Amino acid sequence: MTTPAPQTSSSPTAGMLSQTSHPSQSQSPAISTETAPSPFDKAGADIILRTSDMVNFYVYSHVLILASPFFETISPAIAVPEDSVTLDVLLRICYPFKKQDSDYSLATLEATWKAAVKYEMELPIQELTKKLLIAAATSPVAAWAVASRVGLESLARRAAERMLKLKPSVTVTESDIIGVTAADLYRLREFRRQNGRVPTGFRLLTASTTTTSGGNAQHTSIISSDSFSEHAMPYTDLVCHASDGVTLHVHRGVISAASTVLHQKIQHLSPEVPAEKAELELQEDSTVLSALFSLCYPASDALPRLPTDLWISVLEAARRYEMEGICKTIQLREMKGVDALSVYLIAARMGRKAIAQEAALRTLSDPLSEIPPNHYSASMAGESNIAIPPLYSHFMELTPALVYLYLIRYHEAYLIAMQDVFRRAGFDFGQLTEVLHKATFLPSDDISFTLHALIQACRVTSNSGYHGSSGRVDNLRQALEEVPERMKEVSVANFVSPLGFVTDDA
């Protein structure tokens, strides 16, 4: 049962709340509200805080002003965006009475900590930080995720250190990392990979905790749509309308030669429409179309390199319009020098499933984790001292951690496929590394056991006929060459939950 509001509707303070929050209340039914429990139900209080779930907190202004300069100039009545649970926890820390030990959930502590920071409340920030650090002992993964979302480095470090002590090792799941960046997940994996012995100055968290949720990308304009204005492009006979309302003037012959799909669209234009007034409505924005059409013209070699997110969208459009020549140009020109991990992160964030899948397959040439001795199953274990650092891309800083987690699972499926190949070829990992090291005359720490490196090393070994092992190694090489085909059948989307970002291409 809630306590009735101690102030009546005739009270000046209550009236101000009514007028401030509901200016049209006299013309519509009154909104039902509740009163917060003691001590926030006192009739002598001079400020009302109304929460998002319509609970009125009657508080003393001098307590709020001492707790935060934010409240020095507020009205006697104010609606706040926090819910009643969050505000109750926050105000109880501020009020001068004996505090009771309460078992708050991490979600409540996170919401209250954010409110304390917003309202510049120093004491609550200190007390809530203490509670979060304590919670890291029992729920380190969840506490680390909270630290990532709110930007609390000390909490992230405490949680990460706690993870190192737990046996069996803790696992990060999809539900743990909502609102976390891929970069923060990468740094947590690095911290655990190095068993906490990280360089001085190592930080677990990004400078900014802002993530993007995918969807339509905002492209940086490199090739202006002005290049396809009526004045800049003479003797044009086709007007293309982009999705953002910009018109681009092009030559039908050039566009038709580049695209079978657009050629058919042009062929189906009404014969009654004069050639100089032929128009097409296209679904891409003007930035994408400007880059795409520029690649159709002979001088495309002189064009500047496109930002990765833009050429991914241009490549997608080129595939949609069956521009085979343009697709090859983009793949040769734009993808050269761009690492597969960056392409995957951007394509997945943009919801470009096909391109993300191709890039994920390309990332198998490099590891997402180091491969230490005895790390995987017995068939992969051995005495090798391999230490391959994980991949990193600066695009992780703006990519949701879920996208990176799906790629980690894809690599785990790849390792399972590799183990199966080793078993079928009659090798365990220790025997394989010994043969390859001796046959190629390379020290053990110079070989990166990626798929490509293994195949190349197997070729050298089988050609050398080292100690009669060439036949077995040659069999292994042939089996390894089957792995890419197997991985093409393993979709990254297989690891995507309803919370995911890898979606079907538009």
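Up top is the structure these notes are about.
Note that this is a predicted model, so its numbers are computed, not measured.

## Describing the overall build of the protein
Helix and strand content of the protein: 20 helices and 7 strands. Taken across its 506 residues, the protein has 48% of its residues classed as buried. In the protein, of all internal contacts separated by at least 6 residues, the share reaching a separation of at least 24 is 68%. Counting only carbon and sulfur atoms, one obtains 53% of the accessible surface of the protein, whose full area is about 24800 Å².

## Quick word on the pattern of salt bridges
Summed over the entire model, instances satisfying the criterion amount to 14 salt bridges. A salt bridge links Arg187 to Asp184; the nearest nitrogen and oxygen atoms lie 3.4 Å apart. Of the two residues, Arg187 and Asp184 are both situated in helix α8 (residues 182–193); the distance of 3 residues between them amounts to about one turn of the helix. Given a relative accessible area of 13%, Arg187 falls into the buried group. A salt bridge links Arg320 to Glu284, with the shortest nitrogen-to-oxygen separation between them at 2.5 Å.

## Considerations on the pairing of strand β5 (residues 238–241)
Of the two faces of β5, the one carrying Leu238 and Cys240 and the one carrying Val239 and His241 are both buried. The pairing of β5 with strand β7 (residues 279–281) spans 3 bridges and is classified as parallel. Within β7, the residue paired with Val239 across the bridge is Glu279.

## Examining the packing of aromatic side chains
Per the counting criterion, the structure on display carries 10 aromatic pairs. Pairing Phe40 with Tyr95 gives two aromatic rings, centres 5.1 Å apart and planes at 80°, and the pair type is edge-to-face. Of the two residues, Phe40 sits in the loop between β1 (34–35) and β2 (47–50) while Tyr95 sits in the loop between α3 (84–94) and α4 (106–118), which places them 55 residues apart along the sequence. Grouping residues by exposure puts Phe40 and Tyr95 together as buried. Plain terms: the ring middles of Phe228 and Tyr297 are 6.2 Å apart, the flat faces sit at 55° to each other, and that makes the pair tilted. Placement of the pair is Phe228 in the loop between α8 and β5 and Tyr297 in the loop between α11 (286–296) and α12 (308–320), with a sequence separation of 69 residues. Like Phe228, the residue Tyr297 is buried in the burial classification. Taken together, Phe40, Phe57, Tyr95 and Phe97 form an aromatic cluster joined through their ring pairs.

## Let's talk about the state of the cysteines
Per the counting criterion, the structure on display carries 0 disulfides. The cysteine Cys240 is free of any disulfide, with Cys296 supplying the nearest cysteine sulfur at 9.9 Å.

About the cut-offs
Residues numbered from 1 in each chain as written. Predicted model: local features only at pLDDT ≥ 70, side-chain atom pairs only at ≥ 80, totals over all residues. Heavy atoms only, no water. Helix = DSSP H or I, 4+ residues; strand = E, 2+ residues; numbered from the N terminus. Buried < 20%, exposed > 50% of the residue type's maximum accessible area, 1.4 Å probe, protein only. Contact = heavy atoms within 4.5 Å. Areas by Shrake-Rupley, 256 points an atom, 1.4 Å probe, with all protein chains shown as cover. Salt bridge = Lys/Arg side-chain N within 4 Å of Asp/Glu carboxyl O. Pairing = 2+ DSSP bridges. Phe/Tyr/Trp six-rings, centres within 6.5 Å; stacked < 30°, edge-to-face > 60°. Disulfide = S-S within 2.5 Å.

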